[in-house]
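Understanding the architecture of this molecule
What follows is the residue order along each chain.
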Amino acid sequence: MNEAFCISAAIAMEGVEAIQQMDDSSGECGGAIYESFRIIENILNNKIADELKERIFDWLYEEVQNSDYRNYGVEDRLEPLFFETAASLGQMDIAYEFIDAKIIQLDKEDGWSKKYYLQNYLGHKIDLLKSEGRTAEADNIIDTYLHFEDFRQMRVQQALSENNHNKAEKLILDGIKVAQEDDAPGTVHQWKDQLLELYKQQNEAFKYNKLARELFVENTSNINYFKIYKQTSPKDGWEDKRNKLIAELKNKKRGYYSGVSQDDLAQIYIEEQMMDELFEIVRSSNSIHTLMKYTNHLKEKYPAELVEYCGAAIEIQAEQTGRNVYISLVNYLKQMAKLNGGLPAAKALEESLLGKYKNRPAMKEEFRKLNWD
């Protein structure tokens, strides 16, 4: 065990020195450092002499002082190992001293990483305090730093475990406000998702319906929110509500642009079986990709129009050269041929293209794969 520790420790120390002088985009050097910590963790999890365990702890304490591990993103394996060993040896004072020194140091820093590392060190301190039964001190840290998502989440889970859903709702709503003030849309979305689930579990029909709509307006690519909104809305008057929502989305601001994306609108039209509106998206897109994407939904109602549009779009695509283009053309022609009345039109288009582009041997080679007969 002692020899394994010595080798692993040497790899970690040499690795963190070497990584500063190399391009480790492959991650091999960082991976070797991580693996050395994993081996040391395995050693500590085995029955070893107290002397060796204390020696490993002294080494860990020395290494966590080295900021190079943090600079190269490998401290997230080292520091937890240090804290776990400190707890098992009853060396809590050293662990607390290290954490407090790091927090003081962070006060002098700026940037996005400050909040991340502060939350990280406070989290370790909370875990250590709880392991000693010092729950009041741990709770004080959590309540002082409720603006940190992880700590607020602890309080939300506590409220839910106590069936205090009103408290959980307030904590989440306040979390949304904090995240909005911090300009953290991803965190806002996560809180709203959790709130949606809470309303579902509590059968808060009105709030559930309202939040589902809000989430869909904010995340139109996720049709599930629309489905929830529809399912929880009264059937009477649904079309008016739906059309009002669509109008709102079309006027929605997206950065420098107005309106929702055509693909997001198409999701609604498919869900609502609004084939005329979906066809208009396809008709006005002038895109072979959009055409192929929605053909299956439209082929029953608009076969002749789709055959015509496919032909025109394929001719435009055929102006490009390259084997990948020809492979795509073959796929498009096959899709065209599946439409009602599409096979003869596809065959005719194939002949026309081969006649027009006689000096494209690669096109001829790929088109042989059509094998119509």
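Everything below is about the structure printed above this text.
Now for a look at the structure at hand. Since we're looking at a predicted model, the values are computed, not measured. (Residues numbered from 1 in each chain as written. Predicted model: local features only at pLDDT ≥ 70, side-chain atom pairs only at ≥ 80, totals over all residues. Heavy atoms only, no water.)

Our focus in this paragraph is the packing of helix H5 (residues 75-89) against helix H7 (residues 112-131). Packing of H5 against H7 brings their axes to within 11 Å, and their N-to-C directions diverge by 20°. Taken together, the axes of H5 and H7 lie roughly parallel to each other. Once H5 is placed against H7, the crossing between them reads as right-handed. Residues Glu 75, Glu 79, Pro 80, Phe 83 and Ala 87 of H5 form the contact with H7, whose own contacting residues are Tyr 117, Asn 120, Tyr 121, His 124 and Leu 128. Of the residues contributing to the contact of H5 with H7, the split by class is six nonpolar, two polar and two charged. (Axes fitted to C-alpha atoms, helices over the stretch in contact; angles between N-to-C directions. Helix = DSSP H or I, 4+ residues; strand = E, 2+ residues; numbered from the N terminus. Parallel < 35°, antiparallel > 145°, perpendicular 65-115°, else oblique. Left-handed = near helix turned anticlockwise from the far one by under 90°. Contact = heavy atoms within 4.5 Å. Nonpolar A, V, L, I, M, F, W, Y, C, P; charged D, E, K, R; others polar.)

Attention shifts here to helix H14 (residues 238-250). If you check H14, its first and last C-alpha atoms are 18 Å apart, about what 13 residues at 1.5 Å a residue would give, namely 18 Å. Along H14, the residues that are buried comprise Trp 238, Arg 242, Leu 245, Ile 246 and Leu 249. End-on view of H14: buried residues confined to an arc of 100°, all on one side of the axis. More than 90 degrees from the buried face of H14, the exposed residues found are Asp 240 and Lys 244. Check the buried side of H14 and you find it contacts helix H12 (205-218), helix H13 (223-231) and helix H15 (262-271). (Expected span 1.5 Å × (residues − 1). Buried < 20%, exposed > 50% of the residue type's maximum accessible area, 1.4 Å probe, protein only. Arc of directions from axis to C-beta.)

Turning our eyes to something else, we now look at the environment of Asp 276. Tracing the sequence through the fold places Asp 276 in helix H16 (residues 275-285). Expressed as a C-alpha distance, the spacing of Asp 276 and Glu 218, which sit 58 residues apart in the sequence, is 25 Å. Apart from residues no more than four positions distant in its own chain, Asp 276 is found in contact with Lys 301 and Tyr 302.

Purely spatial values, then, with no claim about function.
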